[in-house]
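An overview of the molecular structure
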Amino acid sequence: AVPALTLGPSAGQIPQIGFGTWGLQPQEVSTAIRAAVAAGYRSFDCAPVYQNERQVGETLSALIAEGVVTRSELFITSKVPPADACSQHRTERALRQSLHDLRTGYVDLYLIHWPFCVRSPEPGRPRPWPLPLEDQLGYSAEQLREEWRTIEALVATRAVRHAGLANIGERRLAKFLASPDLAVRPAVVQVELHPYNQMRALRALCASHGIAVTAYSSLGSPARPAKYQVQADAHPLLLADPAITQVATAHGASAAAVALGWAMRRGVALIPKSAHRERIASNLAGTLALAPSLSPGDLAAIDALERGHHYLAAGWRGYAWKRGQSLQELLDDAPPPLPPVGLGAALLLLACCCALVVCKARRHAVSRDAAHEVVRRLSFGGMPPI
């Protein structure tokens, strides 16, 4: 059986391994979803911007009608698109459309897909990528809180069972969670997360608030759409990393199972996607078999791969609302500035430097008296020898 993560105070649960639908072409959906259900997946991650929710809904509905699975066994996630996230009316309409397309009376999880908005396209107007600046409305903590009020109202109708956020940095999330009037706490935060981008601070914040974390692009997103493939040479191949392949060889497992198993052991929910029947099955069965046997040394070797690398950086830059905006500005708020260094802090820093000088002097067989003389000179006579 697939283990599950508890969703905050509601005591609901989300399967720890689900099936992602981003990147599935409409003609691939039926075969892929049927293979996923047959392999044991029961959680399905969807979104209107993936342009395949209708096909997902048709397939799941058919499987329910065939008696293969029941609706209560499924955990279906959808998301409100950025073009609908700045208006209560448009958010409600977007949910109704997703429910219609997915052929269900409720979604188990509804996420705000991005913590910022874009202007709604005019009917019949083609949508260029990246979006022009005049269509970018950007991030606003106040707007996000207002959108969440709409989500809270949808939860009250039971058309949404759990709610959450996607693509939000830890400082923006911390500010959001500090809102004094949250009627519904986020149950899930979904972000790009893999051994090269481990999101440790965000995971720690979520753990402290009982929020489950779902990872997308857990395998390095090698099949990401063409518009995200800019500067392809700048993206290292996650599953070819020697640390991952060495663990895979030692266990007789695939590199994909190692990357997914590491995330499972770190308490993260996963939504790997594939259009290939064999990979769909092995991503689930191989990961469930391997994860418990990963040793502390295996996990530490993968932990050491952190490099803050975003495979979907081009996706973020497509939502830039200011010219010259850095990736970090898009990802999260800037950290607070460091306070000015006072005299006491400066003296403490000087003392640490002096201690290092003493240690170095000892390693080079310099006498203790000579080392103290160095310290005395560095401290301008104002600090006792160490």
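Here is a short report on the structure shown in this document. This structure is a prediction, so every number in the text was calculated from the model and none was measured.

So, about the nonpolar core. Residues Phe19, Ile33, Phe44, Leu60, Tyr110, Trp148 and Leu173 are the most contacted members of the largest nonpolar core, which totals 93 residues. If you tally residues by element for this core, the top one is helix 8 (residues 255-265), at nine residues. If near-sequence neighbours (up to four positions away) are discounted, Phe44 is found in contact with Phe19, Ile33, Ala36, Val37, Leu60, Leu74, Phe75, Ile76 and Thr77. Counting 11 residues, the second-largest nonpolar core is a separate cluster that includes Leu7, Leu109, Ala166 and Ala187.

In this structure the tally under the stated criterion is 16 salt bridges. A salt bridge links Arg34 to Glu66, with the shortest nitrogen-to-oxygen separation between them at 2.7 Å. You can see Arg34 sitting in helix 1 (residues 26-39) and its partner Glu66 sitting in the loop between helix 2 (53-65) and strand 5 (75-80), a full 32 residues away along the chain. We classify Glu66 as partly exposed; its relative accessible area is 48%. Between Arg145 and Asp181 there is a salt bridge, with the nearest N and O atoms lying 3.2 Å from each other. Taken together, the residues span a long stretch of sequence, with Arg145 in helix 4 (residues 141-156) and Asp181 in the loop between helix 5 (170-177) and strand 10 (188-192) at a distance of 36 residues. Among the charged side chains, a salt-bridge network with shared partners connects Arg145, Glu146, Arg149, Glu152 and Asp181.

Where helix 3 (residues 88-102) meets helix 4, the axes come as close as 10 Å, and the angle between the chain directions of the two elements is 45°. The angle between helix 3 and helix 4 places the two elements in the oblique class. Where helix 3 crosses over helix 4, the two elements pack in a sense that is right-handed. Each of Gln88, Thr91, Glu92 and Leu95 in helix 3 lies in contact with helix 4, whose residues at this interface are Glu147, Thr150, Ile151 and Leu154. Split by residue class, the contact of helix 3 with helix 4 holds three nonpolar, three polar and two charged.

Quick look at helix 4 now. With 16 residues, helix 4 should cover 22 Å at 1.5 Å per step; its first-to-last C-alpha distance of 23 Å lies within 8% of that length. What helix 4 keeps buried is the set Ala141, Gln143, Leu144, Arg145, Glu147, Trp148, Thr150, Ile151, Glu152, Leu154 and Val155. Once helix 4 finishes, Arg158 follows within two positions and takes phi at roughly 75°, a positive value.

Estimates place the volume of the second largest pocket at around 320 Å³. Glu170, Asn197, Met199, His310 and Leu331 are the residues nearest the centre of the second largest pocket, which is lined by 21 residues in total. At the level of elements, helix 5, strand 10, helix 6 (200-208) and helix 12 (327-331) are the ones that each hand at least two residues to the lining of the second largest pocket.

Conventions used here
- Residues numbered from 1 in each chain as written.
- Predicted model: local features only at pLDDT ≥ 70, side-chain atom pairs only at ≥ 80, totals over all residues.
- Heavy atoms only, no water.
- Core = buried A, V, L, I, M, F, W, Y, C linked by side-chain atoms within 4.5 Å.
- Buried < 20%, exposed > 50% of the residue type's maximum accessible area, 1.4 Å probe, protein only.
- Helix = DSSP H or I, 4+ residues; strand = E, 2+ residues; numbered from the N terminus.
- Contact = heavy atoms within 4.5 Å.
- Salt bridge = Lys/Arg side-chain N within 4 Å of Asp/Glu carboxyl O.
- Axes fitted to C-alpha atoms, helices over the stretch in contact; angles between N-to-C directions.
- Parallel < 35°, antiparallel > 145°, perpendicular 65-115°, else oblique.
- Left-handed = near helix turned anticlockwise from the far one by under 90°.
- Nonpolar A, V, L, I, M, F, W, Y, C, P; charged D, E, K, R; others polar.
- Expected span 1.5 Å × (residues − 1).
- 1 Å grid on protein atoms, 1.4 Å probe; cavity = no way out; pocket = protein on both sides within 12 Å on 5 of 7 lines; lining within 4 Å.
- Points joined across faces, edges and corners; volume = space filled by probe spheres on them.

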